[in-house]
Amino acid sequence: MKVTTPFSRFEIRVFKIFENSDNPKKILDVGTGTGCIALMLKKLYPESTVDACDISLEALDLAKENSEINNLEINLFQSDLLSDVEEVDYDIIVANLPYIPTENLSSLKSEVVDYEPLVALDGGVDGLLYINKLIKEIEEKNITNLTLFLEVDTSHATTILNNLSHWKQVELEKDLVERDRYIIAKR
């Protein structure tokens, strides 16, 4: 099975990043999957260093293939969230992490589960396992002067906003069908 199908909502997220960023020098895409977001950001910001990590070697192979097809150079490496990230001077971190509660996986539509590996979907008991862990790792590594872009499940938006309330600025943006979907947080 191929991994992580790119969806049209990724384009919306990249637009939100473009709208809220001013010539970033370093970008990190956490949970890059196909690499499509990292590659779109490299295309928009050709002078920026774009790093992309994923826990899945299969995903990283696909991202590398897409990088070569598109003739865009990004730095790919394996990491469980930020565990193997040594840099702390990122201007932007973007992440589309698994956010579906484990108990809801069995009720997903076939167009999702047939094309996505479970590791890309399963967000743990409450669906917040990886998002909360990423926020904690950013804070533990003391990454500052950063804008974090997250895609979230609408049912988790308020909880995540509360978890980020001590950051400098936190905003919730809607997707094309007016659901709370994107969190933009500055630290």
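Here, the structure is the one placed above.
From a predicted model like this one, the values you see are computed outputs, not experimental measurements.

Participant: Any chance you could break down the side chain of H156 for me, citing the residues and the numbers?
Facilitator: The topology assignment puts H156 in the loop between β5 (147–151) and α6 (157–163). In this view, H156 contacts Y99, P101, D126, G127 and L128; residues no more than four positions away in its chain are not counted.

Participant: Summarise the sheet that holds β5; cite the residues concerned and give the values.
Facilitator: With mixed pairing, the 7 strands of this open sheet are ordered in space as β3-β2-β1-β4-β5-β7-β6. The sheet is open, and its two borders are formed by β3 (75–78) and β6 (169–174), each paired with just one other strand. Averaged over neighbouring strand pairs, the angle between their axes works out to 15° when direction is ignored. In the sheet, β5 pairs with strand β7 (residues 180–186) via 5 bridges, with the strands oriented antiparallel. Residue pairing for β7: E151 is matched across the bridge by Y182.

Participant: So, helix α3 (residues 57–69): which residues are in play, and what are the values?
Facilitator: For α3, spanning 13 residues, the distance from its first C-alpha to its last is 18 Å, which sits close to the expected 18 Å at 1.5 Å a residue. Those residues of α3 not exposed but buried are A59, L60, L62, A63 and S67. All buried residues of α3 lie within an arc of 160° about the axis, which places them on one face of the element. Summarising the geometry of α3, the exposed residues directed more than 90 degrees from the buried face are L57, D61, E68 and I69. Along its buried surface, α3 packs onto α2 (36–44), β2 (49–54) and β3. The N-cap residue of α3 is S56: its side-chain oxygen and the backbone nitrogen of E58 are 3.3 Å apart.

Conventions used here
- Residues numbered from 1 in each chain as written.
- Predicted model: local features only at pLDDT ≥ 70, side-chain atom pairs only at ≥ 80, totals over all residues.
- Heavy atoms only, no water.
- Helix = DSSP H or I, 4+ residues; strand = E, 2+ residues; numbered from the N terminus.
- Contact = heavy atoms within 4.5 Å.
- Pairing = 2+ DSSP bridges.
- Axes fitted to C-alpha atoms, helices over the stretch in contact; angles between N-to-C directions.
- Expected span 1.5 Å × (residues − 1).
- Buried < 20%, exposed > 50% of the residue type's maximum accessible area, 1.4 Å probe, protein only.
- Arc of directions from axis to C-beta.
- Polar contact = N/O pair within 3.5 Å; in protein donor to acceptor, adjacent residues only side chain to side chain.

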